Amino acid sequence: MIPSVIHLIGPGGAGKSTTGKALAEALGDRFFDLDQEYLQSSSIDDDIKQCGYEYYVAKNVDVYLGLRSVSGDTVMATSSGFMTYGLAIHEEIARIHNGVLRCPNTVLLMPSFDREICIQKTIRRQLLKPHEDKSEGAQGSRMTSRYPIYVQMGHIKIATDVPTAEVVDLIVAQLSL
């Protein structure tokens, strides 16, 4: 049997990490948080500041590929921009994006599906994170441009404006395992 991978995608602050841990525990699966795995070897902020965003993206894709080579059923919380990366940055991005988008177990988590509420919640949550740009304007601009991209993704779409246990129950009820 081919191991299943449940990809949690969406903006930063949508609850991918929190939900992913709880979902993996409920299913008895392994959990990987792409940001945390990246931070095992490097600082996201430092890499972007010193080497540029494209360097960070290429390295993040390599971390993802390394995690995907680990066998077993897995819940994977992706980085906030992972599904919005430009295809020219890494030779594997198009293949990865297509695979994630075709997977029936890809879950889009959003703070809300109301555009304005989603953007405001995302900005508020992102400004609390230690490795993020602290500019409200930059966060708002990023989320405004990414929102229409995100809402088109995911076979399962869940608003995370309810308790984590409820989000997990909603996901489990819709999974194709």
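Before any of the text, the structure's been laid out above.
Residues numbered from 1 in each chain as written. Predicted model: local features only at pLDDT ≥ 70, side-chain atom pairs only at ≥ 80, totals over all residues. Heavy atoms only, no water.

1. So, the nonpolar core
Reasoning step 1: Residues V61, Y64, F82, Y85, M110 and M143 are the most contacted members of the largest nonpolar core, which totals 28 residues.
Reasoning step 2: It is helix α4 (residues 53-68) that provides the largest number of residues to this core, a total of 6 residues.
Reasoning step 3: Residue contacts for Y64: discarding those within four places in its chain leaves H7, L34, M76, F82, I96 and V100.
Reasoning step 4: Residues L8, L23, L109 and I156 belong to the second largest nonpolar core, which totals 14 residues. (Core = buried A, V, L, I, M, F, W, Y, C linked by side-chain atoms within 4.5 Å. Buried < 20%, exposed > 50% of the residue type's maximum accessible area, 1.4 Å probe, protein only. Helix = DSSP H or I, 4+ residues; strand = E, 2+ residues; numbered from the N terminus. Contact = heavy atoms within 4.5 Å.)

2. Re the pattern of salt bridges
Reasoning step 1: Summed over all chains, the structure comprises 3 salt bridges.
Reasoning step 2: The shortest N-O distance in the salt bridge between K59 and D47 comes to 3.5 Å. With K59 in helix α4 and D47 in helix α3 (residues 44-51), this residue pair connects regions lying 12 residues apart in the sequence. Comparing K59 with D47 shows no difference in burial state: the two are buried.
Reasoning step 3: A salt bridge links R115 to E116, with the nearest nitrogen and oxygen atoms 2.3 Å apart. (Salt bridge = Lys/Arg side-chain N within 4 Å of Asp/Glu carboxyl O.)

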